[in-house]
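Residue-level structural notes
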Amino acid sequence: MIRLYLRYSGQLSTLEVLNMRFNNMNFSDGHYVQIPTSWDAQEFTHRFLSATPPWVRTIMWVRNRVVQKMGFTVQPATKSTQLEVAVGSSAGPFTFTEVTDEHVIGGHKDKHIEFSSKFVVTAAEEGSTSARGGIETHAQPQSAVGKVYLTCIWPFHKILVPYMLRQVEIKP
């Protein structure tokens, strides 16, 4: 049984408690690995996005079929041979808005969510044989549907991004 309480005697309604929990949710994270010192942010981004395994492409195909009915933007499939990391180009869920040697920023916004990912490369410290590459992601729900969607997919994001990073990481 679902109960909705009205504010009475200083108590919060169930609806207000749910809104407080959703409004305080943090959909931001960062994941990092060691990469070759010769890679800049464009190379790192290209290699990361090219490391998308076939099973993820299948999941994204199913995701697109389901969420397009709810008003989400369908993410186009991009083959690694067609992948271009340049301002204005797109790859999967990303449209790139800023590209430098140190970082690449890409993201997307629709009526339910807005997200941005920053692919960063930190130069190797003196005497080091590797640099540091990472992905910093921030997602902001734009609607109640977006809040529910991010709540459901964020755990998968936290598994998938480190998995894909391990595909491009320097192995000791």
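The notes below deal with the structure included here. Fair warning: this is a prediction, and the values are worked out from it, not measured in the lab. All residue numbers refer to positions counted from 1 along the written sequence of the respective chain. Residue-level local features of this predicted model are given only where pLDDT is at least 70; pairs of side-chain atoms are given and counted only at 80 or more, and the full residue set underlies all totals for whole chains, interfaces and linings. The side-chain values count all of the structure's non-hydrogen atoms but skip hydrogen atoms and water molecules.

Quick look at helix α4 (residues 144–168)
Here α4 is 25 residues long and its end C-alpha atoms lie 36 Å apart, about the 36 Å a rise of 1.5 Å per residue gives. The angle separating two fitted axes, one through the seven residues that finish at a residue and one through the seven that start at it, defines the bend at that residue. A run of H or I in DSSP counts as a helix once it spans at least four residues, and a run of E counts as a strand once it spans at least two, with each numbered from the N terminus. At Ile-153, α4 shows its maximal bend, which comes to roughly 40°, and the proline Pro-155 appears one to four places after that position. By definition here, a helix of n residues has an expected span of 1.5 Å times n minus one.

Description of helix α3 (residues 54–67)
Here α3 contains 14 residues, and its C-alpha end-to-end distance of 20 Å stays within 8% of the 20 Å for a straight helix at 1.5 Å per residue. Val-56, Arg-63, Asn-64 and Val-67 are the residues of α3 that are buried. End-on view of α3: buried residues confined to an arc of 100°, all on one side of the axis. It only takes one pair of heavy atoms within 4.5 Å for two residues to be counted as in contact. In this fold, the buried residues of α3 make contact with α4. Accessible area is worked out with a 1.4 Å probe on protein chains only. A residue is then buried under 20% of its type maximum, exposed over 50%, and partly exposed in between. It is the directions from the helix axis to the C-beta atoms whose arc is reported.

A word on the sheet that holds strand β4 (residues 103–109)
Here, any two strands with at least 2 DSSP bridges between them count as paired. Strand order across the open sheet formed by 6 strands is β1-β6-β5-β4-β3-β2, with antiparallel pairing between neighbours. Each end of this open sheet is capped by a strand with a single partner; those strands are β1 (28–36) and β2 (90–91). Pairing between β2 and strand β3 (residues 94–99): 2 bridges, direction antiparallel. Among the inter-strand pairings, Ser-90 is bridged to a residue of β3, identified as Thr-95. The axes are straight lines fitted to the C-alpha atoms, using for helices just the contacting stretch, and the angles between their N-to-C directions are given from 0 to 180°. Here helix α2 (residues 41–50) sits on the sheet in contact with β1, β2, β3, β4, β5 (113–122) and β6 (130–141), set at roughly 120° to β5. Contacts between α4 and the sheet are confined to β1, β5 and β6, with β1 contributing the most and set at about 10° to the helix.

Bear in mind that shape data such as this cannot, by itself, settle questions of function.
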